[in-house]
Amino acid sequence: MGDPFIGNIPSESRDEVPLDEVDAFELVDAHLDQQDVTPEQAAALAAWLKQHPEHADRAFRRIFLHTFLRQRLQYAAMTPVTDLTRVAKTNDLSETERSALVLNVDEAGVMSLSRGNGGAAITLESPTVSVVRHATGVWWRSWGLALGIVGVLVMVMVAGWAISTLFLSASTPSGLWVYDGFEYPPTSPPAPLGDGSKWPITGGIQGSNGGMGWAEPWREEASKVSILVADVVNNAWRANDRRSAHPLAYADAQGRVLKTAGIQLRTAAGPLSKSVRSLAVTAFPDSFLADRAVGQDGSVVWLSFLAQSFDGRGLGNFAYLQLGTDVAGLRIGKLASVETGNWSTAGVRNGEEMNAVSSELSSGQAVLFVARITFKKGEDVVDIWIDPLLDKEPSGSTAAFHVMLPDFHFDQISISSRYTSDFDEIRLGGTFRDVTPVN
Amino acid sequence: MEEKRDSQPAGRATSDEVAKQVLSHPRSRELLARNWVKAQPPLTAFLAASMPQFSDAEDLLQEVAADVALRFDDYDPARPFLPWALGIAKIKIANFYRERERGRVVFLGESIEALAEACVRVHESLSEERAALEGCLGQLTDRSRTLLQLRYFEDLKPQEIGARLGQESASVRVSLSRIRTALSECMRKSLLGRSVSHG
């Protein structure tokens, strides 16, 4: 048997080949590295491919190597260990099984096909089954009794937390301490539409210094930059851009309209953009500060912002706002560890997303996030409401997420993305009312 | 999914609903899941070769996946799944270029069929090759790993990588090609060694 990777090409066939294998692979590499290939080179390659099946086989293996590397490196670098992957590992799923499209059927009979690593997904119904819910289902079956006991303890803790929160709310200083409505000139010229490879790598939000409560201008820390868009209708990235219907805005179910101004931030289409801005922590009450950052135990900070992604796609893509750093922080948005791509949140500890929970809302849908972060001794807690009524502070029971966070402080906000998404009206304040002003 | 429902005329079943009906039979679900697991890696590679950018290939893979589910009742289980799915992929590729009023597929051109046939021939061995490549990745030098990271994770073109590292783009292209060739060679030796050790 011949070497399956070298093959058995008759010598006379080799003599007739206009390209040798090295040349052919260089052309394959050039195409997949988005380098220009001339029509003559393409024709020569096509002739080489058709000359012998072994040629086509080898070229296909080369192409497969590219796709393997892309998926493998993106997944390894971007998808941290989550509860789901931990459960998957304990269930001894092979790499192949985790990396392929799998069919999931939940208790209600809702079917979904989802990807583990670099593939496609078919969701046959609104993705009501969150990643975390799937994982916890396994967990409950295994640890039902233990969790029952823990559940009682948690209830006691939650009751204590509720009491302390009520107490803290009564004594919390109020005020809007940080705001950016992105009242900057739109990026000109606008990004070329539909071609991520031509997305700006300079300019954009870099150096913009408006709003209040900031210590310095926005700065970019990745290969692409976020831009500023005024006319969303005529700047649809592609025809199916969900953001092109109207600018980011929010009116609650009873008609109250969130105060908005200026234009909106648009993250890069294609890896990566990371826009970072340091806070003027002195804008916060002294009692909120610890180690020159916000997050003194006992303080409560409210955050709000508007967001909408190009569409609801997940599959390892992300676009999120982060408080704090990758060492310890809070992420809200479209998260790499949530395959559905639905709006989600997670704590961050040493670069890993922890306790990720996702909503049933597609990230292609424009939403208003309102978060209440309660800093406590030990783990912190965040409650997040999506599209709440704006008349008064919503009750904890209506929160979309209630998540325990690793103990963290923050002195910066960042917006990271590898899937073009819009953000606007970032506010940090002492009360719900401070971060949700209405017209 | 939600977008499709929004644009669907009232009273007409959405593609999601059709797919749900098609896949309501347990046998169909199992068969689709099993077949797709095997077919997805070669389909991804085939689409990557056919599209101008990898992101286009990823988008198209989703559309192929949706169509495969929609049309799964048309699939004859007595026949191989991959060629059937490739047929759908080829239609999607043609539609992609027609809708965008682009020229024909420059890279593949008339050789698209030759590559599709290669896809069918080699796909059975790809999972084994993938496992071998995992081992080979661990043998790369830090510099090679950095180049691959910049290319595939940050999605930088060779020119951009060159600018980042202070190198000529031609040098980056050559280095990337050599790393890929080294990985291919490592994989080949690994599989041949395994084949020998298993008698």
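In this text, all values refer to a predicted model and were calculated from it rather than measured experimentally.

**Points about the overall build of chain B**
Then comes step 1: When helices and strands are counted, chain B shows nine helices and zero strands.
Then comes step 2: Listing the helices and strands of chain B from first to last along the sequence gives α-α-α-α-α-α-α-α-α.
Then comes step 3: Counting every position in chain B, which comprises 199 residues, the buried fraction comes to 37%.

**Regarding helix α2 (residues 21-32) of chain A**
Spacing of three or four residues puts side chains on the same side of an α-helix, whose turn is 3.6 residues.
All names here are of chain A.
Then comes step 1: An ideal rise of 1.5 Å per residue puts 16 Å on twelve residues; α2 measures up with 16 Å between its terminal C-alpha atoms.
Then comes step 2: All of the buried residues in α2 are Ala-24, Phe-25, Glu-26, Leu-27, Val-28, Asp-29, His-31 and Leu-32.
Then comes step 3: Within two residues after α2, Gln-34 carries a phi angle of roughly 60°, on the positive side.

**Structural notes on the confidence of the model for chain B**
Residue and element names in this part refer to chain B.
Then comes step 1: Summing up the model confidence of chain B, the mean pLDDT is 78 and the portion of residues at 70 or higher is 77%.
Then comes step 2: The low-confidence segment residues 1-23 (pLDDT under 50) makes 38 contacts with residues lying over four places distant or belonging to another chain.
Then comes step 3: The ipTM for the predicted assembly is 0.83, set against a pTM of 0.51.

**Examining unusual backbone geometry**
Residues and elements named next belong to chain A.
Then comes step 1: One non-glycine residue, Glu-425, adopts positive backbone phi at about 50°.
Then comes step 2: As for its position among the elements, Glu-425 is in strand β20 (residues 421-429).
Then comes step 3: Owing to 26 C-beta atoms within 10 Å, Glu-425 belongs among the buried residues under this scheme.

**A few points about the pairing of strand β17 (residues 380-386) of chain A**
All names here are of chain A.
Then comes step 1: By the criterion of burial, β17 is predominantly enclosed, with six of the seven residues buried.
Then comes step 2: Count of turn residues in the strand β16 (residues 367-374)/β17 antiparallel hairpin: five residues, of which Gly-378 carries a positive phi of about 85°.
Then comes step 3: Sheet analysis places β17 next to strand β18 (residues 401-405), joined by five bridges and oriented antiparallel. From the neighbouring strand, Asp-380 faces β18, where its bridge partner is Leu-405.

**Section: the sheet that holds strand β13 (residues 328-334) of chain A**
Residues and elements named next belong to chain A.
Then comes step 1: Ordered in space as β5-β8-β19-β12-β13-β14-β15, the seven strands form an open sheet in which the pairing is antiparallel. Unpaired on one side and paired on the other, β5 (219-220) and β15 (352-362) mark the two borders of the sheet.
Then comes step 2: With two bridges joining them, β5 and strand β8 (residues 273-278) adopt antiparallel strand pairing. Within β8, the residue paired with Glu-220 across the bridge is Ser-275.

**Digging into the pairing of β16 of chain A**
Residues and elements named next belong to chain A.
Then comes step 1: For β16, a buried count of seven out of eight residues is recorded, marking the element as mostly surrounded by other parts of the structure.
Then comes step 2: The pairing of strand β11 (residues 300-309) with β16 spans eight bridges and is classified as antiparallel. Its bridge partner being in β16, Ala-307 is matched across the sheet by Val-367.
Then comes step 3: Here six bridges tie β16 to β17, and the two strands are oriented antiparallel to one another. The residue of β17 that forms the bridge with Thr-374 is Val-381.

**Here's the deal with the nonpolar core**
Then comes step 1: Leu-303, Phe-369, Ala-371 and Ile-384 of chain A are the most contacted members of the largest nonpolar core, which has 79 residues in total.
Then comes step 2: Among the elements that take part in this core, β11 of chain A stands out by supplying seven residues, more than any other.
Then comes step 3: Those residues in contact with Phe-369 of chain A that lie beyond four places of it in its chain are Ser-304, Phe-305, Ala-307, Ile-332, Ile-384 and Ile-386 of chain A.
Then comes step 4: Formed by 66 residues, the second largest nonpolar core is a distinct cluster that contains Leu-32 and Leu-73 of chain A together with Met-51 and Ala-116 of chain B.

**As for the environment of Arg-292 of chain A**
Residues and elements named next belong to chain A.
Then comes step 1: Structurally, Arg-292 can be placed in the loop between β9 (289-290) and β10 (293-294).
Then comes step 2: For Arg-292, a count of 9 C-beta atoms within 10 Å translates into the label exposed.
Then comes step 3: In the structure, Arg-292 is positioned twelve residues away from Ala-280 in sequence and 9.9 Å away in space, judged by C-alpha atoms.
Then comes step 4: Dropping the residues within four chain positions of it, Arg-292 is found in contact with Val-281 and Asp-411.

**Quick notes on the confidence of the model for chain A**
Then comes step 1: Confidence in the prediction for chain A averages 76 pLDDT; 73% of positions are at 70 or higher.
Then comes step 2: For residues 77-171 of chain A, every residue scores under 50 in pLDDT, and the model assigns this stretch 131 contacts once sequence neighbours within four places are set aside.

**Topic: helix α4 (residues 54-70) of chain B**
Then comes step 1: In this model, α4 of chain B (17 residues) spans 24 Å end to end at C-alpha, consistent with the 24 Å of a helix rising 1.5 Å per residue.
Then comes step 2: Along α4 of chain B, the residues classified as buried are Phe-54, Ala-57, Glu-58, Asp-59, Leu-60, Leu-61, Val-64, Ala-65, Ala-66, Val-68 and Ala-69 of chain B.

**Observations concerning the packing of helix α5 (residues 81-99) of chain B against helix α6 (residues 112-137) of chain B**
Residue and element names in this part refer to chain B.
Then comes step 1: With their axes 10 Å apart at the nearest point, α5 and α6 run at an angle of 150° to one another. With respect to each other, α5 and α6 are oriented roughly antiparallel. Between α5 and α6 the crossing geometry is right-handed. From α5, Leu-82, Pro-83, Leu-86 and Lys-90 reach across to α6, where they touch Ala-116, Cys-119, Val-120 and His-123.
Then comes step 2: Each residue belonging to the contact of α5 with α6 can be placed in one class, and the counts come to six nonpolar, one polar and one charged.

**Describing the packing of α4 of chain B against α5 of chain B**
All names here are of chain B.
Then comes step 1: Look at α4 against α5: their axes get within 10 Å of each other, and the N-to-C directions meet at 130°. When the interaxial angle is binned, α4 and α5 end up oblique. Between α4 and α5 the crossing geometry is right-handed. Residues Leu-60, Glu-63, Val-64, Asp-67 and Val-68 of α4 lie in contact with α5, whose contacting residues are Ala-85, Ile-88, Ala-89, Lys-92, Ile-93 and Phe-96.
Then comes step 2: Grouping the constituent residues of the contact of α4 with α5 by class yields eight nonpolar, no polar and three charged.

Rules used throughout
- Within each chain, residues carry numbers counting from 1 in the order of the written sequence.
- Starting at A for chains and at 1 for ligands, labels are handed out in the order in which the entities are written.
- Only residues with pLDDT of at least 70 are given local features in this predicted model, and only at 80 or more are side-chain atom pairs given and counted; all residues enter the totals for whole chains, interfaces and linings.
- Only DSSP runs of H or I reaching four residues or more are called helices, and only runs of E reaching two or more are called strands; each is numbered from the N terminus.
- Burial is judged by counting the other C-beta atoms within 10 Å of a residue's own C-beta: 20 or more makes it buried, 12 or fewer makes it exposed, and any count in between marks it as partly exposed, with every C-beta position built from the backbone.
- Helix span, expected: 1.5 Å multiplied by one less than the number of residues in the helix.
- As a per-residue measure, pLDDT reflects the predictor's confidence and takes values from 0 up to 100.
- A pair of residues counts as a contact when their C-beta atoms, built from backbone coordinates, are separated by no more than 7 Å.
- If DSSP finds at least two bridges between two strands, the strands pair.
- In this description, a nonpolar core means buried residues of the types Ala, Val, Leu, Ile, Met, Phe, Trp, Tyr and Cys, linked to one another by C-beta atoms lying within 7 Å.
- Axes here refer to lines fitted to C-alpha atoms; in helices the fit is confined to the stretch in contact. Angles between the N-to-C directions go from 0 to 180 degrees.
- Orientation labels follow simple angle bins: below 35 degrees gives roughly parallel, above 145 gives roughly antiparallel, 65 to 115 gives roughly perpendicular, and whatever is left gives oblique.
- The sense of a crossing depends on the near helix, which, turned anticlockwise from the far helix by less than a right angle, makes the crossing left-handed and, turned clockwise, makes it right-handed.
- Charged means Asp, Glu, Lys or Arg here, nonpolar means Ala, Val, Leu, Ile, Met, Phe, Trp, Tyr, Cys or Pro, and polar covers whatever is left, Gly included.

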